[in-house]
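Listed here are the chains, written in short residue letters.
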Amino acid sequence: MAHQRRAAYALAALSAATFCYVTTEVLPIGLLTLIAPDLGRSRSEAGLLVTGYAVVVMIVALPLTRVTRRLPRRPLLAGSLGVFAAATAVSASATSYEVLLAARLVSATTNGVFWAVVFPVAISMFPANIRGRIVARLSIGNALGPVLGVPVSTWLGGQAGWRAAFVAMSILGFVTCIAVALLLPSVTPQQSAGDIGPMPDRHRFVVLLVATILAVTGAMGAFTYMTVFLLDVSGFAAASLGMLLFVQGSFGVVGTWAAGRVLDRFPVGVVLGLLGLLTAAMIGLYGVGTSKALTIPLLAVAGMSFSSLIAGIQHRIMQVAPSTTDMASASLSVAFNVGLAAGSLIGAGLLATAGARVIPLFAGLLTATAFAMLACHEMSRRRRRRDTLRRSPDLPPVGHSVAHV
């Protein structure tokens, strides 16, 4: 019982850590109008504080994960959080754009290692039959970042200056670092039950990564410019944007929790179902986005399905990891950041040339492609499996271990 309580507290600390990372990564977006004039830079240059962060994650995630793969997980996670918190504190005290950018890039180097390790460590503390539920619970911290962390930090920056927001995240990072150091069990990679995927499959792994890039590119292209869509296409007043984004984010939190209830039983079905919902929501926004009454529920479905989808893909990627789950998670982190950067870039191009209304259509086409790719791949595998069974009747039946199909 004491072990279970400690594991639950450790999971809460790790979820808080994911909240810190997600919030801080995109924190400058809400503070651009404050950071740029204070440091004598343009808004586009201030925007590089987010873009540069994502690029560093893409470059260093896999190499650093490989270098640190033999280190004990507790000091690795606590150390990553400590460096993250210290770099965020330096960001708060930066007197020049160059110092702020350098501090952000240092923080980004810990990001890739953190995301590579945190999910395998979390699932290693619990029985294998509830891994999907644990992934979803850990992902609630991710989902809370956009709906709680960014708005509150933006509000704090507006009240007390942009540096106050970074100070707050630094303090929370240090507190979380201490909690992880005290609560997390002392586990080496070789001892961790979450270190090896139960169903290693390189082909499935690659297909899932490609589908992730497509889905994230589409979704982030739409979400990055959703406020423009809501203003220009749906005709909402600027004063209502905060509530609309809260609806989107809060449904993401609820959806992530709900997906965790069924993720262990239907890992593939959950991912495909959420991709289908996301596609329907995006195409629906393109089709009826001029109606306020229809836009609100579609926005809620889009937020719910995307946040839940990230948890579902994370769970599935660790199931089919062809080597270790930390390298698989690092690969997923790279894929996500590729999609994030590509989505925002393509979305900006569409906004400038075709207008905001077509961006959800672009998103829906990409998520539909991801859905078709995964569905066709799974159907092809099942078909080959049935053919093999016909030729070799002594093999286990097709329905064997349905939850792992």
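These numbers come from a predicted model, not from an experiment. Sequence positions are assigned chain by chain, starting from 1 and proceeding in written order. Residue-level local features of this predicted model are given only where pLDDT is at least 70; pairs of side-chain atoms are given and counted only at 80 or more, and the full residue set underlies all totals for whole chains, interfaces and linings. Each side-chain value is worked out from all heavy atoms of the structure, with water and hydrogens disregarded.

A. Region of interest: the pattern of salt bridges. In the sections that follow, a salt bridge refers to a side-chain nitrogen of Lys or Arg positioned within 4 Å of a carboxyl oxygen of Asp or Glu. By the definition in use, this model includes 5 salt bridges. For Asp 326, the salt bridge goes to Arg 73, with nearest N and O atoms at 2.8 Å. Residue Asp 326 is located in helix H13 (residues 325-353), and its partner Arg 73 is located in helix H4 (residues 73-93); the two are separated by 253 residues in the primary sequence. In this structure, Asp 326 and Arg 73 share a single accessibility class: buried. Counting from the N terminus, the helices are the DSSP runs of H or I reaching at least four residues and the strands are the DSSP runs of E reaching at least two. Each residue is placed in one exposure class: buried if its accessible area under a 1.4 Å probe, protein chains only, is under 20% of its type's maximum, exposed if it is over 50%, and partly exposed if it falls in between.

B. Seen up close, a positive patch on the surface. On the surface, a cluster of positive charge is made up of Arg 382, Arg 383, Arg 384 and Arg 386. Residue placement: Arg 383 occurs in helix H14 (residues 358-391). Each patch is built from salt-bridge-free residues with over 30% relative accessible area, joining like charges within 9 Å and nonpolar side chains (Val, Leu, Ile, Met, Phe, Trp, Tyr) within 5 Å. Accessible surface area values rest on a Shrake-Rupley calculation with a 1.4 Å probe, where residue burial reflects the displayed protein chains alone. When charges are counted, neither His nor the chain ends are considered; positive counts come from Lys and Arg and negative counts from Asp and Glu. Working definition for charges: the position is that of NZ of Lys, CZ of Arg, CG of Asp or CD of Glu.

C. View of the packing of helix H10 (residues 241-262) against helix H12 (residues 292-319). Note on geometry: axes are lines fitted to C-alpha atoms, helical ones only across the stretch in contact, with angles between N-to-C directions running from 0 to 180 degrees. Between H10 and H12, whose axes approach to 7 Å, the crossing angle comes to 40°. Classified by the angle their axes make, H10 and H12 are oblique. Note on packing geometry: the crossing formed by H10 with H12 is right-handed. Residue-level contacts link Leu 244, Val 247, Gln 248, Phe 251, Gly 252, Gly 255, Thr 256 and Ala 259 of H10 to Ile 296, Leu 299, Ala 300, Gly 303, Met 304, Ser 307, Ser 308 and Ala 311 of H12. For the contact of H10 with H12, the residue count by class is 9 nonpolar, 7 polar and no charged. Here is the rule for angles: anything less than 35 degrees is roughly parallel, anything more than 145 is roughly antiparallel, 65 through 115 is roughly perpendicular, and the remaining ranges are oblique. Crossings are classed by handedness, with left-handed meaning an anticlockwise turn of the near helix from the far one by less than a right angle and right-handed meaning a clockwise turn. Two residues qualify as a contact provided that any one of their heavy atoms is within 4.5 Å of a heavy atom in the partner residue. The classification used treats Ala, Val, Leu, Ile, Met, Phe, Trp, Tyr, Cys and Pro as nonpolar, Asp, Glu, Lys and Arg as charged, and all other residues, Gly among them, as polar.

D. Representation of the state of the cysteines within the structure. When the sulfur atoms of two cysteines come within 2.5 Å, that pair is taken as a disulfide. One pass over the full model with this rule turns up 0 disulfides. Take Cys 20: it sits in no disulfide, and the sulfur closest to it among the cysteines is that of Cys 177, at 10 Å. With a relative accessible area of 0%, Cys 20 lands in the buried category. With relative accessibility at 14%, the residue Cys 177 sits in the buried group.

E. Quick peek at the environment of Leu 62. Mapped onto the secondary structure, Leu 62 falls in helix H3 (residues 43-67). Here the alpha-carbon distance between Leu 62 and Ile 171, two residues 109 residues apart in the chain, equals 28 Å. In contact with Leu 62, other than residues within four places in its own chain, are Met 327, Ala 330, Ser 331 and Val 334.

F. Up close: the nonpolar core. In terms of nonpolar packing, the biggest core is built from 104 residues, with Leu 14 and Leu 77 touching the most fellow members. When residues of this core are assigned to their parent elements, the largest contribution, 12 residues, is made by helix H5 (residues 97-124). In this view, Leu 77 contacts Leu 14, Phe 114, Val 117, Val 118, Val 121, Val 180 and Leu 184; residues no more than four positions away in its chain are not counted. By nonpolar core is meant a set of buried Ala, Val, Leu, Ile, Met, Phe, Trp, Tyr and Cys residues that side-chain atoms within 4.5 Å join together.

G. Geometry of the confidence of the model for the protein. The pLDDT value expresses, per residue, how confident the predictor is, ranging between 0 and 100. Within the protein, residue pLDDT values average 86, and 93% of them lie at 70 or more. Mean pLDDT values for the elements of the protein range from 81 in helix H2 (residues 27-38) up to 95 in helix H11 (residues 267-288).

H. Just the side chain of Ser 15, in detail. By the secondary structure assignment, Ser 15 is in helix H1 (residues 2-25). What makes Ser 15 buried here is its relative accessible area of 12%. Here Leu 138 takes part through its backbone oxygen, which lies 3.4 Å from a polar atom of the side chain of Ser 15. In this structure, Ser 15 is in contact with Arg 137, Leu 138, Ile 140 and Gly 141, ignoring residues within four places of it in sequence. In protein, a polar contact requires one atom able to donate a hydrogen and another able to accept it; more generally it is a pair of N or O atoms within 3.5 Å, and residues adjacent in sequence count only if both atoms are side-chain atoms.

I. Spotlight on the packing of H2 against helix H6 (residues 131-160). Two numbers describe how H2 lies on H6: the axes approach to 9 Å, and their chain directions differ by 20°. Taken together, the axis directions place H2 and H6 in an arrangement best described as roughly parallel. Between H2 and H6 lies a crossing of right-handed hand. Listed contacts from H6 to Leu 27, Gly 30, Leu 31 and Leu 34 of H2 are Ser 153, Thr 154, Gly 157 and Gly 158. Split into classes, the residues belonging to the contact of H2 with H6 amount to 3 nonpolar, 5 polar and no charged.

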